[in-house]
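# Coordinates in review
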Amino acid sequence: MTASADLIITNGRVLSMNPDQPEAEAIAIAGGRILAVGSRNAIAAYRNSATHMIDAGGATVTPGMNESHIHLFGGSSELDQLSLFSVKGYEAMRAAVLAYAASRPTDPLLLANGCDYTILGADRGVDRQVLDSILPDTPLAVMSPDHHTIWANTIALTKAGILEGRTLPPGNEIVMGEDGLATGELREHYAFDDVIALVAHGGRDLLGLSTDGEPDPEPSAAERAYDQALLKRGLRHLAAHGITSFQNMDGNRYQLELLSGIQAEGGLICRGRIPFHYTGGDIVSQMDKAAQMRADFNGEWLNSGTVKMFMDGVLDSHTAVMCDDYADRPGWKGEPRFDQAIFDRVCIEADKRGLQIAVHAIGDGAVANVIDGYAAVSRRATPSAEDKSPTQRESQSTRPNPEPGFGKLDQREGLVIGLVDTKSQRGPDVFVHCLIWKACLYGRGRGLSAHPASASAWPLQARRTIDS
C-alpha cells in the first residue's frame, strides 16, 4: 500500500541532486521525510484528503541549504540594527547614525554593525573623537563587518569602565592613545564585551560568542521571551533564504534551552547544531560540560557535540597570527589565544569524548597551530573509536609548506575548511599561501579528507552573502 503524503509539491522543476534522476515534476513528503520524487502522475498516488498541495507553477524546487557557519543569536539581534555596510565617508556615516539615533531615543547604547575599517578612507581611522563629533551624549558603538573590532565613543567607554584601559587575555587589545586614554578602537571580544553589555538586553545574544558562560543573573521570564522572539525572527530569516539547517559557530546552554523551547512550541523551522565555546579554564571539566550538552541535546532537529575555539583574530586589526611579520607592522606577527600545549590537550580531551572541534584560525601561523593540534590527536596511542572529522573554519592562509602539520595527520582525520575572503595586511604573497588551494590539495594528495565548505558566517558577512 502506498504511503500517504502530508505535503505534495507539484508542477515544478524539481532538482533532486540525484544523477540517476536529476529532474522531476513533483515531490511527496510525510513526517518531515521525502517519500518520493517523480512525475506528477506518479506522485499523485501519495495524495489523500488530508494532503496539503502546493502548485509550484513551474518554479524550481531544490533541497534546502545547509549553512555551515552562522551566528544565529547575534544575527537575529542585528536584523533591526543600523547597518553601515554600504556607507562611505564621514557625512554619510553621520547622517545614518543621527537618523538611527532619532528612531531609538530610549536605547541605552546605540549599536551599529557593518562599519568597514576604511569607512572614512584608507588614511583615516574611526576613533572616539570621530564618534563624539557625531553623537557626544549618547553611548554609541559601531562594529566592523567581521565582528572582531568595535569603535566606541567616550561616554560608552566611560560607562563600560574601560576609558583608562584594562589588562586583557592574549589576542585582545584596548588601543590606547598617547594621552593614556583609550582611542575607542577595541580589538576582540574581551576588549569590547563590557561595551556590548550596555545594550538593552545586556548582550545575551553574543554571550556564547564572547565567553563559554551563561547569563548572570538568570534571565527573567520576560527576558527569555524577548530572546526567543529574536531567535524566531532569525530562523524565519534563514528559512526565507532557503536555509533549512545550520551549524552555529558560537554557543552555550542558554541558546540550546531557548531553541529547545521554540521546538516544543513547534516553531523550530530549521535544524541546528549549537557548539560549546571553550575560552579557557580546566580542560577536563570544560570538555565534560561540552559532552553533557551533547547528551542533553541530541535530537534530529537540535543537537550539540562540537567544541568551538578561536586561535586568533583577523587580518585587518592585526590580531590574526602569522608566520611572518605583517607588511605594515614590522616586528608583529599577532598573538595566539592558546599556546600549543593547551590547544593540543583540548583536542585530545575533546576526541576522547567523541566531540568534534571547530576552530577559528585566520593567519597562517594560527592555521599551523591548529593542524598541529589535530596531529596531536593522531599521535594518541588509543584514539577514540568514533570516526570523526575535526573541522577548521574561517581560514585564509597556510604556511608555504604545509607538510610539517599535514604529514602528522593519519587518514582517519578530516578537515572541513571554511572559505572566506583573502584580503590581507600581510602583503601580495598571501595568495600564494591560500589555505584552500594548498591545504586541500596537499591533504587530498595524502589520502586525507580535506573539503572546502562555503558559508556566509552570517551576520559577519552581512546578508549580501546569503542573498548571493
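Above this text is the structure in question.
The subject of this paragraph is the pairing of strand β12 (residues 149–152). Of the two faces of β12, the one holding Thr149 and Trp151 and the one holding Ile150 and Ala152 are both buried throughout. Of the strand pairs in this sheet, β12 and strand β14 (residues 182–187) are connected by 3 bridges, and their pairing is antiparallel. Residue pairing across strands places Trp151 opposite Glu185, the latter belonging to β14.

Under the criterion given, the structure shown has 22 salt bridges. Of the charged contacts in the structure, one is a salt bridge between Arg187 and Glu185, with a shortest N-O distance of 3.0 Å. Taking the relative accessible area as the measure of exposure, Glu185 reaches 15% and is therefore buried. When the shortest N-O distance is used, the salt bridge between Glu349 and Arg353 registers 2.8 Å. Across the pair, exposure class does not vary: Glu349 and Arg353 are buried alike. It is possible to trace a salt-bridge network through shared partners that takes in Asp288, Glu349, Lys352 and Arg353.

Attention now moves to the sheet that holds strand β4 (residues 26–30). The sheet built from 4 strands is open, its strands ordered β5-β4-β1-β6 with mixed pairing. Each of the sheet's edge strands pairs with one partner strand only, and the pair in question is β5 (33–38) and β6 (52–55). Looking at each pair of strands side by side, their axes are set apart by 15° on average, direction ignored. Across 5 bridges, β4 lies against β5 in antiparallel orientation. For Ala26, the partnering residue across the bridge sits in β5 and is Gly38.

This part covers the packing of aromatic side chains. Scanning the model with the defined rule gives 2 aromatic pairs in all. A ring pair is formed by Tyr117 and Trp151, whose centres lie 5.5 Å apart and whose planes are at 80°; its orientation type is edge-to-face. Remark: Trp151 occurs in strand β12 and Tyr117 occurs in the loop between β10 (110–113) and α4 (128–134); sequence separation between them is 34 residues. Exposure class is identical for Tyr117 and Trp151. Each is buried. Their ring planes at 25° and their centres at 5.7 Å tell us that Tyr278 and Phe338 sit as a pair that is stacked. Linking Tyr278 in the loop between β17 (276–277) and α10 (283–296) with Phe338 in the loop between β19 (306–310) and α11 (340–352), this pair joins segments that are 60 residues apart in sequence. Exposure class is identical for Tyr278 and Phe338. Each is buried.

Summarising the element assignment, Asp193 is placed in helix α6 (residues 189–196). Aside from chain neighbours lying at most four places away, what touches Asp193 is Ser210 and Thr211.

In this section: the layout of surface pockets. Reported here for the largest pocket is a volume of approximately 590 Å³. Lining the largest pocket are 21 residues, with Ile27, Ile29, Ile34, Pro63 and Gly64 sitting closest to its centre. Breaking the lining of the largest pocket down by element, the ones donating at least two residues are β2 (13–15), β4, β5 and β15 (243–248). A total of 3 residues in the lining of the largest pocket trace back to one element, the largest contributor, which is β5. Considering only residue class, the lining of the largest pocket consists of 10 nonpolar, 8 polar and 3 charged.

In this section: the nonpolar core. Counting residues in each nonpolar core, the largest one holds 46 residues, and the members touching the most others are Leu72, Leu259 and Tyr278. At 6 residues, helix α12 (residues 364–378) tops the list of elements feeding residues into this core. With residues near it in sequence (within four places) discarded, Tyr278 still touches Asp212, Ile283, Gln286, Met287, Val307, Lys308, Met309, Phe338 and Val346.

For the rest of this paragraph, the subject is the side chain of Lys308. Within the element layout of this structure, Lys308 appears in strand β19. Polar contacts involving the side chain of Lys308 include one to the main-chain carbonyl oxygen of Met249, which spans 2.8 Å. Discounting chain neighbours no more than four positions away, the residues touching Lys308 are His71, Met249, Pro275, Phe276, His277, Tyr278, Ala358 and His360.

What counts and what doesn't
Residues numbered from 1 in each chain as written. Predicted model: local features only at pLDDT ≥ 70, side-chain atom pairs only at ≥ 80, totals over all residues. Heavy atoms only, no water. Buried < 20%, exposed > 50% of the residue type's maximum accessible area, 1.4 Å probe, protein only. Helix = DSSP H or I, 4+ residues; strand = E, 2+ residues; numbered from the N terminus. Pairing = 2+ DSSP bridges. Salt bridge = Lys/Arg side-chain N within 4 Å of Asp/Glu carboxyl O. Axes fitted to C-alpha atoms, helices over the stretch in contact; angles between N-to-C directions. Phe/Tyr/Trp six-rings, centres within 6.5 Å; stacked < 30°, edge-to-face > 60°. Contact = heavy atoms within 4.5 Å. 1 Å grid on protein atoms, 1.4 Å probe; cavity = no way out; pocket = protein on both sides within 12 Å on 5 of 7 lines; lining within 4 Å. Points joined across faces, edges and corners; volume = space filled by probe spheres on them. Nonpolar A, V, L, I, M, F, W, Y, C, P; charged D, E, K, R; others polar. Core = buried A, V, L, I, M, F, W, Y, C linked by side-chain atoms within 4.5 Å. Polar contact = N/O pair within 3.5 Å; in protein donor to acceptor, adjacent residues only side chain to side chain.

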